[in-house]
Amino acid sequence: MNMYLHELKSLKKSTIMWICAMIALVIIYFSLYTSLAKDAADFKKLLGAYPASVRAMLGISLDNITSILGFYSMVFSFITLCGAIQAMNIGVSILSKESRERTADFLLVKPVSRAAIVSSKLLAALTMLLVTNVIYYAGASMVANIVKTSDYNNKLFFMISLTLLFIQLIFLAIGVFVSVFFTKLKSVLPISLGVVFGFYIIGALIATGKSDGARFISPFKYFDITYIIKNASYEVSYLIAGAVIVIAAIVASYIIYTKKDIHAVS
């Protein structure tokens, strides 16, 4: 319990910053919605001039872009990018920071198993991601209700927003898995940004093609917002793929961390 509370405290500042950043993005983009909705025809004409590949990369669907949900789907791609970076940062840092901060020896001589250490850190990370999503959803819903020009489906808005948590869980697991391979890691940011932007660019390139199978390569493409709006459901195959990645990465991280040698940074 002490480790869990300590991790919560250490993650609090960064979590607040990421929540503020994501809500700020929603406010900035939604502040444009009212004026765009008034000139819906011109806005669709403008977006229609973009190549189809560019619209696919940005997650723009001309059929519903002027609705609050359609506009939100375009904005949401940037929100998920921020959320993925947050989760990846947490995942890479929670197990490697003991070496970076030279507290590994102090922690590992305590009468607690390495599995318990991993569990406490993962639970704290999960708690902060849940807090992020609850506060983000509350803020985004409030802003959407302020700027809306007509009623929208709250269930679909929630389903779209919930994919942020799913993507964060995937990148948290990937981050934890990546971190256990480093004996000495002095900075997590280059790795986090490299992995997240790598998958984001791959996802953008995949969006320009027509192969559904290629979508399995990038977690950013596991949740098609247009599909969610049309069907009020998620694509089961990609939900399963995401769950497999999370479970496999976490289990592998437990196994590797409990057996590896941990060294403090000298």
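Student: Where do I start with the packing of aromatic side chains in this structure?
Tutor: How two aromatic rings sit relative to each other is given by the distance of their centres and the angle of their planes. As enumerated under the stated definition, the model contains 19 aromatic pairs in all. Here phenylalanine 216 and tyrosine 222 contribute two aromatic rings whose centre-to-centre distance is 6.4 Å and whose plane-to-plane angle is 65°, an arrangement assigned as edge-to-face. Phenylalanine 216 sits in the partly exposed class, given a relative accessible area of 37%. Taken together through their ring pairs, the aromatic side chains of Phe30, Tyr33, Phe71, Tyr72, Phe76, Tyr137, Tyr152, Phe157 and Phe158 make up a single cluster. Sitting over the ring of tyrosine 238, arginine 215 keeps its end group 4.1 Å from the ring centre.

Student: Could you clarify how one ought to interpret a nonpolar patch on the surface in this entry?
Tutor: There is a patch of nonpolar side chains on the surface, built from Leu123, Leu126 and Leu130 and spanning about 230 Å² of accessible area. Assignment of secondary structure puts leucine 126 in helix α7 (residues 114-147). You can call leucine 126 partly exposed: its relative accessible area is 32%.

Student: Explain the side chain of glutamine 168 to me, please; I cannot follow it from the model alone.
Tutor: Position of glutamine 168 relative to the elements: it lies in helix α8 (residues 154-179). Residue glutamine 168 is classed as buried on the basis of its relative accessible area, which comes to 0%. Among the polar contacts made by the side chain of glutamine 168, one reaches the side chain of asparagine 133 at a distance of 2.7 Å. Filtering out sequence-adjacent residues up to four positions away, glutamine 168 remains in contact with Gly83, Ala84, Gln86, Ala87, Leu129, Thr132 and Asn133.

Student: When you look at the pattern of salt bridges in this model, what are you seeing that I'm missing?
Tutor: A side chain of one charge can pair with a side chain of the opposite charge when the charged atoms of the two come close. Scanning the entire structure with this criterion turns up three salt bridges. Lysine 148 is paired through a salt bridge with aspartate 151; the nearest N and O atoms lie 3.5 Å apart.

Student: Please explain the confidence of the model for the protein as it appears in this structure.
Tutor: Reading predicted coordinates in detail is not appropriate for stretches of low pLDDT. Of the residues in the protein, 87% reach a pLDDT of 70 or more, and the chain-wide mean stands at 84. For the protein, helix α6 (residues 104-108) is the element with the lowest average pLDDT, namely 51, and α8 is the one with the highest, namely 95.

Student: How do you make sense of unusual backbone geometry when you look at a structure like this?
Tutor: A negative phi angle characterises most non-glycine residues, just as the trans form characterises most peptide bonds. Positive phi, normally seen in glycine, also occurs at alanine 232, with a value near 55°. Considering the arrangement of structural elements, one finds alanine 232 in the loop between α10 (225-231) and α11 (236-259). The partly exposed category is assigned to alanine 232, whose relative accessible area is 33%.

Student: Honestly, the nonpolar core in this entry has me stumped. Any pointers?
Tutor: Generally speaking, nonpolar side chains in soluble globular proteins are found buried as a group. One finds Phe30, Tyr136 and Phe171 to be the most contacted residues of the largest nonpolar core, which totals 76 residues. Elements supplying a minimum of two residues to this core: α1 (2-30), α3 (40-48), α5 (68-100), α7, α8, α9 (189-207), α10 and α11. Ignoring anything within four residues of it in the chain, the contact list for tyrosine 136 reads Met22, Ile23, Val26, Tyr72, Phe76, Ile79, Ser161 and Leu164.

Student: Hey, could you run me through the packing of α8 against α11 in this one?
Tutor: Two quantities define a packed helix pair, namely the angle between the helix axes and the distance between the axes. Interhelical geometry of α8 versus α11 gives an angle of 30° and a closest axis separation of 8 Å. Taken together, α8 and α11 sit at an angle that is classed as roughly parallel. Remark: the crossing between α8 and α11 carries left-handed chirality. Facing Phe166, Leu169, Ile170, Ala173, Ile174, Val176 and Phe177 of α8, the residues of α11 in contact are Leu239, Gly242, Ile245, Val246, Ala249, Ile250, Ala252, Ser253 and Ile256.

Student: Help me out: how do you make sense of α8 in this one?
Tutor: The periodicity of an α-helix, 3.6 residues per turn, causes residues three or four places apart in sequence to face the same way. Between its terminal C-alpha atoms α8 stretches 38 Å, which fits the 38 Å expected from 26 residues at 1.5 Å a residue. Extensive coverage of α8 is indicated by the burial of 19 of its 26 residues. The N-cap residue of α8 is asparagine 153: its side-chain oxygen and the backbone nitrogen of lysine 155 are 2.9 Å apart.

Student: Sorry, what's going on with the environment of asparagine 133 here?
Tutor: Residue placement: asparagine 133 occurs in helix α7. Judged by its relative accessible area of 10%, asparagine 133 is buried. Expressed as a C-alpha distance, the spacing of asparagine 133 and isoleucine 19, which sit 114 residues apart in the sequence, is 8.3 Å. Among residues more than four places away in sequence, those in contact with asparagine 133 are Ser161, Leu164, Leu165 and Gln168.

About the criteria used
- Residues numbered from 1 in each chain as written.
- Predicted model: local features only at pLDDT ≥ 70, side-chain atom pairs only at ≥ 80, totals over all residues.
- Heavy atoms only, no water.
- Phe/Tyr/Trp six-rings, centres within 6.5 Å; stacked < 30°, edge-to-face > 60°.
- Buried < 20%, exposed > 50% of the residue type's maximum accessible area, 1.4 Å probe, protein only.
- Lys NZ or Arg CZ within 6 Å of the ring centre and 35° of its normal.
- Patch = residues over 30% accessible without salt bridge, like charges linked within 9 Å, V, L, I, M, F, W, Y side chains within 5 Å.
- Areas by Shrake-Rupley, 256 points an atom, 1.4 Å probe, with all protein chains shown as cover.
- Salt bridge = Lys/Arg side-chain N within 4 Å of Asp/Glu carboxyl O.
- Helix = DSSP H or I, 4+ residues; strand = E, 2+ residues; numbered from the N terminus.
- Polar contact = N/O pair within 3.5 Å; in protein donor to acceptor, adjacent residues only side chain to side chain.
- Contact = heavy atoms within 4.5 Å.
- pLDDT = per-residue confidence, 0-100.
- Core = buried A, V, L, I, M, F, W, Y, C linked by side-chain atoms within 4.5 Å.
- Axes fitted to C-alpha atoms, helices over the stretch in contact; angles between N-to-C directions.
- Parallel < 35°, antiparallel > 145°, perpendicular 65-115°, else oblique.
- Left-handed = near helix turned anticlockwise from the far one by under 90°.
- Expected span 1.5 Å × (residues − 1).

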